[in-house]
Amino acid sequence: MSMITSVEQLEALYGLPGEASVVKELDQLIPEYAAFIEASPFAALATCGPEGLDCSPRGDLAGFVRIHDPKTLMMPDRRGNNRADSLRNILRDPRVALLFLVPGSGTTLRVNGRAHITTDPALCASFAVEGKPVRSVTVVEVDAVYFQCARAIHRSDLWNPARHVDPRSLPTPGQILEITSRKNIDGEVYDREWPERAKKSMW
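Described below are features of the structure shown in this document. On a predicted model such as this, the values are computed, not experimentally measured, just so you know.

1. Quick word on the overall build of the chain
At step 1: What the chain contains, in helices and strands, is eight helices and seven strands.
At step 2: The C-alpha extent of the chain, read off along each of the three principal axes, is 55 × 50 × 40 Å.
At step 3: Per-residue burial over the chain gives 31% buried out of 203 residues.
At step 4: In the chain, of all internal contacts separated by at least 6 residues, the share reaching a separation of at least 24 is 62%.
At step 5: As displayed, the chain offers around 13600 Å² of accessible surface, 57% of which is attributable to carbon and sulfur atoms.

2. Some remarks on the packing of aromatic side chains
At step 1: Going through the model one piece at a time under the given rule, you end up with zero aromatic pairs.
At step 2: When the ring centre of Phe147 is taken as reference, the NZ or CZ atom of Lys24 above it lies at 4.8 Å.
At step 3: Positioned over the ring face of Phe127 is Arg66, at 3.7 Å from the centre of the ring.

3. A word on the environment of Pro76
At step 1: With respect to the element layout, Pro76 can be found in strand 4 (residues 72-76).
At step 2: Taking the C-alpha atoms as reference, Pro76 lies 16 Å from Arg114; in sequence the two are 38 residues apart.
At step 3: Apart from residues lying up to four places away in sequence, Pro76 is in contact with Phe64, Phe127, Val134, Ser136 and Val137.

4. Brief notes about the pairing of strand 3 (residues 66-69)
Consecutive side chains along a regular strand alternate between the two faces of the sheet.
At step 1: As paired strands, strand 3 and strand 4 are joined by three bridges and run antiparallel to one another. Within strand 4, the position partnered with Arg66 by the bridge is Met74.
At step 2: Here strand 3 hands over to strand 4 after two residues, the two strands then running antiparallel side by side.

5. So, the nonpolar core
At step 1: If you look at the biggest cluster of nonpolar residues, it comprises 20 residues, and the most contacted ones within it are Ile37, Val65, Leu73, Leu98, Phe100, Val111 and Val145.
At step 2: Going through the elements one at a time, helix 3 (31-39), strand 1 (42-49), strand 4, strand 5 (95-101), strand 6 (108-118) and strand 7 (137-148) are the ones with two or more residues in this core.
At step 3: If one sorts the elements of this core by residue count, strand 7 sits on top with four residues.
At step 4: The next biggest cluster of nonpolar side chains, apart from the first, holds seven residues, and it includes Cys124, Phe127, Val137 and Val139.

6. Some words on the sheet that holds strand 1
At step 1: Reading across from one edge, 2-1-5-6-7-4-3 is the order of the seven strands in this open sheet, with antiparallel pairing throughout. Sheet topology places strand 2 (52-59) and strand 3 at the edges, where each strand pairs with a single neighbour. When strand polarity is set aside, the average angle formed by the axes of neighbouring strands in this sheet is 30°.
At step 2: The sheet contact formed by strand 1 and strand 5 spans six bridges and is antiparallel. Residue Thr47 lies in a different strand from strand 5, and its bridge partner there is Val96.

7. Details of the environment of Ile30
At step 1: Structurally, the position occupied by Ile30 is in the loop between helix 2 (19-23) and helix 3.
At step 2: A relative accessible area of 30% means that Ile30 is categorised as partly exposed.
At step 3: A sequence separation of 115 residues divides Ile30 from Val145, and the C-alpha atoms of the two residues are 9.3 Å apart.

Calculation rules
Residues numbered from 1 in each chain as written. Predicted model: local features only at pLDDT ≥ 70, side-chain atom pairs only at ≥ 80, totals over all residues. Heavy atoms only, no water. Helix = DSSP H or I, 4+ residues; strand = E, 2+ residues; numbered from the N terminus. Buried < 20%, exposed > 50% of the residue type's maximum accessible area, 1.4 Å probe, protein only. Contact = heavy atoms within 4.5 Å. Areas by Shrake-Rupley, 256 points an atom, 1.4 Å probe, with all protein chains shown as cover. Phe/Tyr/Trp six-rings, centres within 6.5 Å; stacked < 30°, edge-to-face > 60°. Lys NZ or Arg CZ within 6 Å of the ring centre and 35° of its normal. Pairing = 2+ DSSP bridges. Core = buried A, V, L, I, M, F, W, Y, C linked by side-chain atoms within 4.5 Å. Axes fitted to C-alpha atoms, helices over the stretch in contact; angles between N-to-C directions.

Right, here's the structure in full:
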């Protein structure tokens, strides 16, 4: 196997990026980029820490990531599994990356920046849904923002319902947990009870 070990080798193989790939990157949001964040119900949050890297899904109603100003984003931390991997990483290394998806659009938006976590009562209450405030808000200072071309989305045919996988063809979370817990968790019971648990902890 031939391994690339230097930037020079990489550039010799791929060449340098074209003008469009460079000029699209800004250090703050413009209205055109803000439109994608406001329309997005889903983002992947990447962080790094002493234990390694983490990439976690974040989702809510479209516009769940609030634009405070052209340099600042605010993301509520909704109920989850309490692992808090992303938050643990941010406490020790503030560098983060976000990838926003908009259903039906091939264009994605990337944001790189530095984050901190706040539990300011008024701010957490401002993200409340059905009267339930969030426990914390992740505040991201934008360092770089740019759109990603649509090739990957088009190649994957991501939004085509005809290409969607039948969930019944995949292992269920309960089946996986039964194996990984060495049967300490009853998979059938977990899967049966999960919809009700999810409903109670949605917000």
